[in-house]
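An overview of the molecular structure
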Amino acid sequence: MDEMNVLVIMTDELRRDILGCYGNKLVQTPNIDALAGKGVKFENAYTPSPICVPARASMATGQYVHEHRCWANAIPYHGQIESWHHRLRNAGRRCTAIGKLHFRGTADDNGFTEEIKPLHVKDGKGWVHGLLRERTDLFDASSFAQNIGPGEDPYTDYDRAVCRQTLDWLEHRAADKSSAGWGAFVSFLRPHYPLTCPPEYYNLYDQQLLPPPREPLSGSGKEHPVLKNLRLSCDYEAAFSKEDKQIAIASYYGLCSFVDDMVGKIITKLHDTGLDKNTIVIFSSDHGECLGDRGFWTKMVMYEEAACVPLIMAGPDIGTHEEQTPVSLIDLYPTILNVIGLEHLADEAVHAKSLFETINQPDTERPILSEFHDYGAQTGMFMLRHKDWKLIHYPGFDPQLFNLKTDAEEEHNLANKSEYAVKLNELMSLLKTISDPDEVNEIAFADQEDMISKLGGRE
């Protein structure tokens, strides 16, 4: 029998709860739902960072952001740490990337056998102004509300091309009689903004029937100074009318259906070529999307809508299961090596754990970390998920504490209530077993200052 293959299908900014398999009754995502129905659906999967470049560096290396130190969208991964792609390729396996990577560029050795239609950060530098974290006037968010509704967009064209390239690539793999297992990372831009949606998908939804953004309750911590500063830095909300918000939400739903259609084409190709018999499929997103909830759009916060992601794994002998144990996208690293039979090479990813291990022997005591150190954050943001609890720690500022079992929408911040002081201290101690947030915060700012200097200084 041929060795096992692994196919990662990565989306961008796909919110977990706007998929049918995660309980949304309005969205039409039949292909992703079917994949979840025949595999393992992780109910509590988190991004290592709710922004593209740091999250994707973590997926590549199996390391948290403070370990690989790709802090922001202007400090991209460039092959400086061995990735799972390097591991597969160096073991003689084909490892192909098709679509968005958001690394520094193709001139670097990113570890792939080939990069097909890659998309990296702009000019190899990314958004350099985002390094000026003390500023709140460098980002014009007004265009976000203008690019909504039915229509075509280069992002959509790009994704269609990535899908076509993937289908062709799978045809070639099926014709290749080599028994060596391969790895592929297929990565789409959508449903990432601009929220311009192909009409045939936009028209699937009546905007008046879709839920409006959630308003933050007064006790949820909405006036937290770090969050107020972030809103000021990236004020998407100001340009929206009530009607425009519903158009944008309908567009986002439509883009989720657009992505679902491409996933369906890929899964069908696997079946038609017989590759489904020895291919594990992993489906996820680099982070979520706030979609107007609490006055935020895009990501960059630690609420569930931005930090929690869909994660599905299906294939031969995987079985069907809904896994409640919290996991992280850093876990893709040992999982992929596990599929290919190279799990002995995963030791450097000290915090990552194979998803197979979680399925077979869940570690309910394991804490999961997410970090944000980019534009708009005057201090680092550290999220710790442990069992039913979520701590959000901001060095130098008050924390937030939520019980997700009793408060799934994070509307009641418990951090300032004396009866939860013991729990707060317990979670802070747990956070420090993974990293020292004060120390990490200082290192992040120092590294960013160094990059600012290399780019010519603040002016």
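Definitions and cut-offs
- Residues numbered from 1 in each chain as written.
- Predicted model: local features only at pLDDT ≥ 70, side-chain atom pairs only at ≥ 80, totals over all residues.
- Heavy atoms only, no water.
- Axes fitted to C-alpha atoms, helices over the stretch in contact; angles between N-to-C directions.
- Helix = DSSP H or I, 4+ residues; strand = E, 2+ residues; numbered from the N terminus.
- Parallel < 35°, antiparallel > 145°, perpendicular 65-115°, else oblique.
- Contact = heavy atoms within 4.5 Å.
- Nonpolar A, V, L, I, M, F, W, Y, C, P; charged D, E, K, R; others polar.
- Salt bridge = Lys/Arg side-chain N within 4 Å of Asp/Glu carboxyl O.
- Buried < 20%, exposed > 50% of the residue type's maximum accessible area, 1.4 Å probe, protein only.
- Pairing = 2+ DSSP bridges.

Let's talk about the packing of helix α1 (residues 30–37) against helix α8 (residues 242–273)
For the pair α1 and α8, the least separation of the axes is 7 Å and the interaxial angle reads 55 degrees. Looking at the two axes, α1 sits oblique to α8. Across the interface between the two elements, P30, N31, I32 and L35 of α1 pack against D260, D261, V263, G264 and I267 of α8. Its residues assigned to classes, the contact of α1 with α8 shows five nonpolar, two polar and two charged.

Topic: the pattern of salt bridges
In the structure shown here, the tally under the stated rule is 40 salt bridges. When the shortest N-O distance is used, the salt bridge between E237 and K245 registers 2.5 Å. Residue classification places E237 among the partly exposed residues on the basis of a relative accessible area of 21%. One connected set of salt bridges, linked through shared partners, spans R15, R16, D17, R214, D293, R294, E304, E305, K390, E409 and E410.

Topic: helix α7 (residues 225–233)
Within α7, burial applies to V226, L227, N229, L230, R231 and S233. In this structure, the buried side of α7 is in contact with β15 (381–386) and β17 (400–403).

Things to note about the pairing of strand β14 (residues 368–372)
Across a regular strand the side chains alternate sides, sitting on one face of the sheet and then on the other. Burial runs high along β14: five of the five residues are buried. Residue alternation in β14 divides its side chains into two sets, I368, S370 and F372 and L369 and E371, and both sets are buried. As judged from the five bridges shared by β14 and β15, these two strands associate in the antiparallel manner. Paired with E371 across the bridge in β15 is F382.

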